[in-house]
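Structural description and commentary
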Amino acid sequence: MRDRKQRSAIDAVLNLVHDAQMTKSWENTLICLLLDVKEVFDHVALKQLVKILIKLKISINLINLVKCFLQNRIIDLAFDNERQKSKKISTEISQNSFILLILFLIYIQYLFSKICAKFENLQSFSYIDDVTLYVEGRNIDKNVKILKNAAKIAFTWAENNAVQFNDLKSELIHFKSHKMTLNQMIILLNNTIIKSKTCVQWLEVWLNRKLNFKVHVQTKIMTVTRTLHSLFRLMNSEWKLNVKSEKQLYLTCVTSISNYDVEIWWNNQKSYLVKFRKLQNAALRKILSVFQTSLIDAMQIEVEISLMKMWLNQKCKNYAIWIVELSKKHFIRKRTFISYSS
């Protein structure tokens, strides 16, 4: 789901990965603090939202409409032709509504503007309620100090604006080119200690210090394997599915997992390709009900499924084409070569 126009979770992670890789190529260190806004959709202060709307010079009529929309919503539940009485919704902002997501983005838009104005080297990026603050440079102690001060300002601002961070989901990681062990930590205002980790998960992508995506690919392989085994049990049922239906299940349930976020980690790694290829070959044998020694090329032609490497490369090519169509002000477009165009 995209929280802003032409911005997705993949774009957000790719933004961080690009900056971290560039920092490593310059033999610097990028220190990243990951924050998560706690129960954000259920704890949005209407009064504060109205203040922000007024600050943005939104018309009074629209502000009154927002107040009415958040305060006077009701829900009707109907099951088996039986309908319950209408009840008032207590949740101020629902995650399932695009309109309310827009209101939430308006609500937190000033969250880190004060931080970025005070610290020139600090960069921030957010996707819905997942926020990252990072700073790069050779002086690691100085970078950690900047993040500590930034975190202090962020938590103070959040406390004054009815926003809370989930301390349990706050994480710290160093992306570095050298092998020296970094044990720096950040202490929050509530005395919560955030220690540096070797691997963190942000927006469903596992990132380690070396940025080789080994943990992420292993996790993805395990997920794909579990999904395949579930499909195999369905294929072994008494009501045997035809080849077309089994192929459709494979494309819908398995490839949607294996091909997601490929643009971030795929770089023609042979070791990763072999693992995905084995899973695809197992699926082809099950769909066609053939022997273990059957030729892979013949099975792919029969089922009309492309090679795994072609799947992965095509995803990256599609993303590259999409980048060309972006505005030059887009943060992904800014991180490409000046000569990069159609």
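Relevant structure appears above.
Note that the structure is predicted; figures quoted are calculated from it, not measured.

About the cut-offs
Residues numbered from 1 in each chain as written. Predicted model: local features only at pLDDT ≥ 70, side-chain atom pairs only at ≥ 80, totals over all residues. Heavy atoms only, no water. Axes fitted to C-alpha atoms, helices over the stretch in contact; angles between N-to-C directions. Helix = DSSP H or I, 4+ residues; strand = E, 2+ residues; numbered from the N terminus. Parallel < 35°, antiparallel > 145°, perpendicular 65-115°, else oblique. Left-handed = near helix turned anticlockwise from the far one by under 90°. Contact = heavy atoms within 4.5 Å. Nonpolar A, V, L, I, M, F, W, Y, C, P; charged D, E, K, R; others polar. Buried < 20%, exposed > 50% of the residue type's maximum accessible area, 1.4 Å probe, protein only. Pairing = 2+ DSSP bridges. Expected span 1.5 Å × (residues − 1). Bend = angle between axes of the 7 residues up to and from the residue.

**Points about the packing of helix H2 (residues 46-55) against helix H3 (residues 60-71)**
Where H2 meets H3, the closest approach of the two axes is 10 Å, and the angle between their N-to-C directions is 160 degrees. As summarised for this structure, H2 and H3 are arranged roughly antiparallel, according to the angle between their axes. For H2 against H3, the interelement crossing comes out right-handed. Taking contact as the criterion, the partners of Leu 46, Leu 49, Val 50, Leu 53 and Ile 54 in H2 are, on H3, Ile 63, Val 66, Lys 67, Leu 70 and Gln 71. Residue composition of the contact of H2 with H3, grouped by class: eight nonpolar, one polar and one charged.

**Brief notes about the pairing of strand S8 (residues 171-175)**
Of all five residues making up S8, five are buried, and the element is well covered by its neighbours. Taking every second residue as pointing to the same face, both faces of S8 are buried, with Glu 171, Ile 173 and Phe 175 on one and Leu 172 and His 174 on the other. Inspection of the sheet shows strand S1 (residues 29-36) paired to S8 by five bridges, in the antiparallel sense. In the sheet register, Leu 33 faces S8, and the bridge partner there is Leu 172. Of the pairings in the sheet, the one linking S8 to strand S10 (residues 193-197) comprises two bridges and is parallel in character. Paired with Leu 172 across the bridge in S10 is Ser 196.

**Looking at helix H8 (residues 243-258)**
Helix length check: H8, at 16 residues, gives a terminal C-alpha distance of 21 Å against a target of 22 Å (1.5 Å per residue), a fit within 8%. Of all the bends in H8, the largest measures some 30 degrees and sits at Leu 251. Residues of H8 that are buried: Glu 246, Lys 247, Tyr 250, Val 254, Thr 255 and Ser 258.

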